[in-house]
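# Results of the structural survey
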Amino acid sequence: MKSLPPLSPAEQALMDLIWQRQPVSVAALLDLVNADRSEPISRNTLQTQLTRLHAKGWLKADESERARLYRAAVPEKRGRGKILSELTQRLFGGSGLSLVRCLVEEGGLSDEEIRELREMIEKHGKGGKP
């Protein structure tokens, strides 16, 4: 599969909704996007973003139904991995340890998440997959 271009924050937010709700129509997605916004976006703005995501290879459009349905062209795990890799490179010089250190030291992880992280590290050190 070809390399995916990076996503803007707005595009990533759309992908998050699409991964959760796919397949999803423009009308349903517009309702989801505008649910928590004080200033709603227009249908045309949303359609432009969807067209861009489709052109970038992140989305598939199914036009066999009356309403066009969108679904992710990229599995969520792969997409989130790509986004995390870009974030790690941009903010932490590519160091996963620096990313995790920041999360731990800045209080970005709960006690339960730290416990799970310890378990993953221990399992990974014993030859298991995280």
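Residues numbered from 1 in each chain as written. Predicted model: local features only at pLDDT ≥ 70, side-chain atom pairs only at ≥ 80, totals over all residues. Heavy atoms only, no water.

Turning our attention to the packing of aromatic side chains. Using the criterion set out here, one finds one aromatic pair in the structure. Pairing Trp19 with Trp58 gives two aromatic rings, centres 6.4 Å apart and planes at 65°, and the pair type is edge-to-face. A residue pair is termed long-range when its members are at least 10 positions apart, and Trp19 in helix α1 (residues 9-21) and Trp58 in the loop between α3 (43-56) and β2 (59-62) qualify at 39 residues. Overall, Trp19 belongs to the buried group, its relative accessible area being 7%. (Phe/Tyr/Trp six-rings, centres within 6.5 Å; stacked < 30°, edge-to-face > 60°. Helix = DSSP H or I, 4+ residues; strand = E, 2+ residues; numbered from the N terminus. Buried < 20%, exposed > 50% of the residue type's maximum accessible area, 1.4 Å probe, protein only.)

Attention now moves to the sheet that holds strand β3 (residues 69-72). Spatially, three strands are ordered β1-β3-β2 in an open sheet, and the strand pairing comes out antiparallel. Either end of the sheet is taken by a strand with one partner, and the two such strands are β1 (24-25) and β2. Relative to β3, β1 is paired through two bridges, and the arrangement is antiparallel. From the neighbouring strand, Ser25 faces β3, where its bridge partner is Leu69. (Pairing = 2+ DSSP bridges.)

As a further point, take the environment of Leu99. As for its position among the elements, Leu99 is in helix α5 (residues 96-105). With 24 residues separating them along the chain, Leu99 and Pro75 place their C-alpha atoms 23 Å apart. Beyond its immediate chain neighbours, meaning those up to four positions away, Leu99 contacts Leu84, Leu87, Thr88 and Phe92. (Contact = heavy atoms within 4.5 Å.)

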